[in-house]
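Notes for the structure review
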Amino acid sequence: MRLPARLFAFGDGKPALGGRAGRGPGGALAPRLGSELLVPRAPPQDPASAPAGSEGTGSEVTVPKMSLWSIISHMPPEEFSGLFTEFPRSLRCLLADWLENQPWEFINGSDAFCTNVAGGILSAMLEKLRSAASSNEQQCQILQQVSSIESTYRRDPLRLVAVLKAILEGEKAAVLKRDRHLPLSFHRRQEELKFSLGLQRLQHRVREIQALRDGPTASPQLKTEAKPPESELPALILEAVKELEVAKQQVLKRIQIWKRQQQLAGNGALFEENLAPLQKRCESLVEVYFQLHQQVMAASTELGAELLPRLLERFNEVLSSLVKSSFLVEKQPPQVLKTQTKFQASVRFLLGPQLLKASAKPYMVRADMVTEKQARELALSAYNNTLSESTGEIMHNVVALETNPTSGTCCANFKNVLLKKIKRCERKGSESVTEEKCAVLFSTSVALTPSNLSVHLQVLSLPIVVIVHGNQDNNAKATVLWDNAFSEIDRVPFVVAERVPWEKMCDTLNLKFMAEVQTTKGLLKEHYFFLAQKIFNDHSASLEDFQSRSVSWAQFNKEILPGRGFTFWQWFDGVLDLTKRCLKSYWSDRLIIGFISKQYVCKLLSTEPDGTFLLRFSDSEIGGVTIAHVIRGKDGSSQVENIQPFSAKDLSIRSLGDRIRDLGQLRNLYPNTPKDQAFGSHYNKEQTGKDGRGYVSTAIKMTVESERDQQPQSAVGGPRETPQAQMFSLPMLQPELHPESLQSVLSPICPPAPFCPQPIPTGYPAGESNINMMVSDNLQSSFPSTSPMLSPSLVMDPALPRCQDLAFGNPLPFMPNQYMTGEASQLLPGGPSPEPQDEEMPELAPFTQMVDPSLQSSPRWMPPSMDLPPGSDFDQFLQDVSLEGPALCPPFTPPLQRSGYPSPNASCWGLGESRWDDSVRPGHA
């Protein structure tokens, strides 16, 4: 679903938030949070292009990510024909984005300051146009137009301001009409220009006040200006203080925006974490503050005993607000914090390098854990109260606040903090432990220069959910995700909406998915549609119906999904984890549809040719991906089958690409891409021949039997042979084996009995429960003669006894240890085995005569009296035993070991068994 343009911050699909390195995790499209929240930095300006008087204002400006002109220049010129009656369009094209980087919108009034700024911008514009004309083919025409502009507006630069302001307003209206929003970087530049111009005006006010007090010795810069009479000095000072408070509010708002961006970064949004520009803005304003404060104190006589105290109180409030707001958490603690786990954090005092008074002892910053109730009380007191009691015990929670003259920073870095324990508070209603939000309170007391003012600084971290066990992590992440996404600026801690629009939830899930998976490919409208059906449990509504709905916190992570044992978030987080760990490249190549229902898959594939398949995330399991494919019978009827889902554990054993390659019944990825073309780059190279140590390479293969192709194995006398040549067909050593997947192996080995598991239908076709270990062709020469061991499938006659492998719990064929190689005999406790003798197999006791219940699953061990026959009779021996009647495991059973592994004695070694290899590192067989 292509979301409405208003949801995106950039018209060109660029990320909404500034990033650490341009495009962040996947270049995600962040939700549009409003221009008042996410205002990008203005571009750098050279002296010719900077507004007049901008030197030394401390405004931070950087290269824009997108300009208004970059959109306007690609729109039809006819849409702007009525705008250029007083200013040639050709000059507008030459000025490009320089024009929008000037503070036309904020030059209001006709006083001396506005006139001076307008005149400075006019001079800079004429210089830029002449420079551009020198490299233009129409140089003469451009220079004539420049001369006309200069003669028209030199005497009245404010008229030029009005003309160009109207042009920019018309261009913005055209872009808004088409895209419904402006580039976010444009808003950011406008905010920077507004602050910069306000700071220039404040500096101008200080010079005016100084000129009034000094009389004839006023600054030459103000000699041409009309000096206000001395009776207007108090009014001038009051106006300057008012402008100072406006500039302070701009700084505080920018700090709040930075904090909000930092919180959104917890969900994967891009984040401009560099605090240097914000620190420069604070320092510039404080510098003007002290200049104005000095002028007010010098004019105390003129101000009188009644006005002066009120002004000083307002001054103190400005400085106090700036100082307290500039104490920030630069590096947040983990928002899901496990007890007895170390973590790091850091705080930064932006005005520290400028205001901190030198002290013999360093200022110390303390970290304490507070509950939501305590955080709310602190916020309501404007952080003037001190913490009475910590709600948790934090180790190494006191760190020095250090100033670095080289970098110009003042920071306290907590490097080895540990939350030892937490005191839980009373929870509301059905609130769980993982919904309880805490925070870390960082606090310190400092003395400021030049007044030696003592200030107590406090700042709260982002909300933290404390857990004591790893199984709480999933629900804790849901609480943090919801709070980060839907909290508002300057809220009461930690209030957040209970219901939010579904469109905002879509943006949040998309942002989280792209950041976690580290991909540039986000969710599509079909994915949102499936997710909406899942979370609302509504399969009748349309895509447009869902867009107008709102989703609650309970639907997100409290209510269990119908027919499932998990919540929506628990399922989605499982998909995130699986994709991040095993499917990132497949998703990035758009090979996985993923978020699609089983019913819709059947509709898509029902008309496709045999062998067409697609990949989707399991709807009934957490963290599973399944293959849905078409099978057509001899009668032409089609059936869509879903292979049992693969977990991350399964895909770590054999990758998804290799599993798809193994399955010959899969031919084309939906709609019609040959599977080798789609997945060829994801295939792993198969090892052939022998490795450097002389071992023959093996490979694990996956097979799947369709229900329509399965036949009772008793009817054919043994397992169905696979089309693959020269392979051993051994029981599968999987950590998790389902009973139904073992049936094909168990049926010829042990007939159905009380101790044999029976298949349980699951709706998925089960893969064959064997590992097909492929052996390279050159292995044939290693055997003295052709034997059944090299047949396509090892068909064991019922005459050969069977028993269980206790180490893995898988049925394996019983093999006597006479066929041990020579080197293995050296490992036996009793020394080398005697020379092999020809003798008959001893008669084995029936399994039913065993009394001990532990013998129900006998290991593949055998009596030490059994010897190895001559190597030349190897094939004959196998043929002989294949003619024997059914037999069961021998009664011999060595003592069980606690580890579950066989005892290392002579009876442990036999053909088909593993041996310890002294050429590899310990622990490998």
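The next subject is the overall build of the chain. Along the chain, the regular secondary structure elements total 25 helices and 21 strands. In the chain, which comprises 925 residues, the proportion classed as buried is 50%. At a minimum sequence separation of 6, the contacts of the chain that also span at least 24 residues come to 72%. When the accessible area of the chain is evaluated, it comes to approximately 44000 Å², of which 52% is carbon and sulfur surface.

Counting across every chain of the model gives 28 aromatic pairs. Where Trp553 meets Phe556, the ring centres are 6.0 Å apart and the plane angle is 45 degrees; that geometry is what we call tilted. With a gap of three residues between them, Trp553 and Phe556 both fall in helix H16 (residues 553–557), about one helical turn apart. Summarising the burial analysis for this pair, Trp553 and Phe556 share the class buried. Aromatic pair Trp571 and Phe595: ring centres 6.0 Å apart, planes at 75 degrees, arrangement edge-to-face. Taken together, the residues span a long stretch of sequence, with Trp571 in helix H17 (residues 568–588) and Phe595 in the loop between H17 and helix H18 (598–605) at a distance of 24 residues. Each member of the pair, Trp571 as well as Phe595, is classed as buried. Positioned over the ring face of Phe536 is Arg549, at 5.4 Å from the centre of the ring. The aromatic ring of Phe646 is capped on one face by Arg659, whose charged end is 4.8 Å from the ring centroid.

Among all residues except glycine, the phi angle is most often negative; among peptide bonds, the trans geometry is most common. Of note, the bond from Pro493 into Phe494 is cis; its omega dihedral lies within 30 degrees of zero at -15 degrees. Tracing the backbone through its elements, the reader meets Phe494 in the loop between helix H12 (473–486) and strand S11 (499–501). In this model, Tyr670 is joined to Pro671 through a cis peptide bond whose omega is 5 degrees. When you line up the elements, Pro671 lands in the loop between strand S16 (668–669) and strand S17 (673–674). At Arg180, a position not held by glycine, the phi torsion is positive, near 70 degrees.

Moving on, we get to the side chain of Arg260. Here Arg260 is to be found in helix H7 (residues 233–265). Salt bridges are absent for the buried Arg260, whose nearest opposite-charge side chain, Asp483, sits at 6.8 Å.

Before going further, it helps to spend a moment on the pattern of salt bridges. Inspection of the entire model under this criterion finds 40 salt bridges. For Arg314, the salt bridge identified is with Glu245, shortest N-O distance 3.0 Å. One end of the pair, Arg314, is in helix H9 (residues 300–325); the other, Glu245, is in helix H7, and 69 residues separate them in sequence. Ionic pairing is found between Asp573 and Lys477, a salt bridge with its closest N-O pair at 3.3 Å. With Asp573 in helix H17 and Lys477 in helix H12, this residue pair connects regions lying 96 residues apart in the sequence. By relative accessible area, which is 29% here, Lys477 ends up partly exposed. Counted as one network, the salt bridges with shared partners bring together Arg654, Asp658, Arg661, Asp662, Glu686 and Lys701.

Turning our attention to the sheet that holds S16. One open sheet accounts for five strands, arranged S15-S14-S13-S16-S17; its pairing is mixed. What marks the edges here is a single partner per strand, and that holds for strand S15 (638–642) and S17. With two bridges connecting them, strand S13 (residues 612–617) and S16 associate as parallel partners. The residue bridging Phe613 from the neighbouring strand is Leu669, located in S16.

Mapped onto the secondary structure, Phe530 falls in helix H14 (residues 525–536). Using a relative accessible area of 5% as the deciding quantity, one classes Phe530 as buried. Between the C-alpha atom of Phe530 and that of Leu543, which follows or precedes it by 13 residues, the distance is 9.3 Å. Filtering out sequence-adjacent residues up to four positions away, Phe530 remains in contact with Trp571, Phe595, Ile596, Ser597 and Asp619.

If you check H9, its first and last C-alpha atoms are just 29 Å apart, much less than what 26 residues at 1.5 Å a residue would give, namely 38 Å. Its maximal kink placed at Glu306, H9 deviates by approximately 90 degrees, while the proline Pro309 follows within four residues.

Looking now at a nonpolar patch on the surface. A contiguous nonpolar surface patch, about 270 Å² in accessible area, is contributed by Leu380, Val492 and Val495. Positionally, Val495 belongs in the loop between H12 and S11.

Where helix H6 (residues 184–214) meets H7, the axes come as close as 10 Å, and the angle between the chain directions of the two elements is 155 degrees. The angle between the axes of H6 and H7 places the two elements in the roughly antiparallel class. Read as a crossing pair, H6 and H7 show a hand that is left-handed. Residues Arg188, Glu191, Lys194, Phe195, Arg201, Leu202, Arg205, Glu208, Ile209, Leu212 and Arg213 of H6 touch H7, and the partners they reach there are Leu233, Leu236, Ile237, Glu239, Ala240, Glu243, Leu244, Ala247, Gln250, Val251 and Arg254. Of the residues belonging to the contact of H6 with H7, the class tally is 11 nonpolar, one polar and 10 charged.

Before going further, it helps to examine the packing of helix H3 (residues 112–133) against H6. Look at H3 against H6: their axes get within 11 Å of each other, and the N-to-C directions meet at 125 degrees. Taken together, the axes of H3 and H6 lie oblique to each other. Considering only the axes of H3 and H6, their crossing is right-handed. Of H6, the residues touching H3 (which contributes Phe113, Cys114 and Val117) are Leu197, Gln200, Arg201 and His204. Its residues assigned to classes, the contact of H3 with H6 shows four nonpolar, two polar and one charged.

Counting 73 residues, the largest nonpolar core has Ile237, Leu292, Val323, Val347, Phe349, Phe414 and Phe442 as the members making the most contacts within it. A per-element tally of this core places H7 first, with 11 residues. Those residues in contact with Val323 that sit more than four places away from it in its chain are Phe349, Leu351, Leu355, Leu448, Val455 and Leu457. One finds Leu523, Phe536, Leu591 and Tyr683 within the second-largest nonpolar core, a separate group that totals 59 residues.

Mapped onto the secondary structure, Glu393 falls in strand S5 (residues 392–395). In this structure the C-alpha to C-alpha distance between Glu393 and Ile422, which are 29 residues apart in sequence, comes to 6.5 Å. The residues contacting Glu393, other than those within four sequence positions of it, are Leu418, Leu419, Lys420 and Lys421.

Before going further, it helps to spend a moment on the confidence of the model for the chain. Considering every residue of the chain, the mean pLDDT works out to 75; 67% of them sit at 70 or more. Contacts for the low-pLDDT stretch residues 710–762, under 50 throughout, to residues beyond four places or in other chains number 95 contacts. Predicted confidence is poor over residues 767–872, with pLDDT under 50, and the contacts of this stretch with residues over four places away or in other chains come to 247 contacts.

Our next topic: the environment of Val496. The residue Val496 is located in the loop between H12 and S11 in this model. Sequence-wise, Val496 and Asn484 are 12 residues apart; in three dimensions their C-alpha atoms are separated by 9.1 Å. Ignoring anything within four residues of it in the chain, the contact list for Val496 reads Lys437, Trp482, Asp483, Phe486, Ser487 and Arg491.

Cut-offs used in this document
Residues numbered from 1 in each chain as written. Predicted model: local features only at pLDDT ≥ 70, side-chain atom pairs only at ≥ 80, totals over all residues. Heavy atoms only, no water. Helix = DSSP H or I, 4+ residues; strand = E, 2+ residues; numbered from the N terminus. Buried < 20%, exposed > 50% of the residue type's maximum accessible area, 1.4 Å probe, protein only. Contact = heavy atoms within 4.5 Å. Areas by Shrake-Rupley, 256 points an atom, 1.4 Å probe, with all protein chains shown as cover. Phe/Tyr/Trp six-rings, centres within 6.5 Å; stacked < 30°, edge-to-face > 60°. Lys NZ or Arg CZ within 6 Å of the ring centre and 35° of its normal. Lys, Arg positive; Asp, Glu negative; His and termini not counted. Salt bridge = Lys/Arg side-chain N within 4 Å of Asp/Glu carboxyl O. Pairing = 2+ DSSP bridges. Expected span 1.5 Å × (residues − 1). Bend = angle between axes of the 7 residues up to and from the residue. Patch = residues over 30% accessible without salt bridge, like charges linked within 9 Å, V, L, I, M, F, W, Y side chains within 5 Å. Axes fitted to C-alpha atoms, helices over the stretch in contact; angles between N-to-C directions. Parallel < 35°, antiparallel > 145°, perpendicular 65-115°, else oblique. Left-handed = near helix turned anticlockwise from the far one by under 90°. Nonpolar A, V, L, I, M, F, W, Y, C, P; charged D, E, K, R; others polar. Core = buried A, V, L, I, M, F, W, Y, C linked by side-chain atoms within 4.5 Å. pLDDT = per-residue confidence, 0-100.

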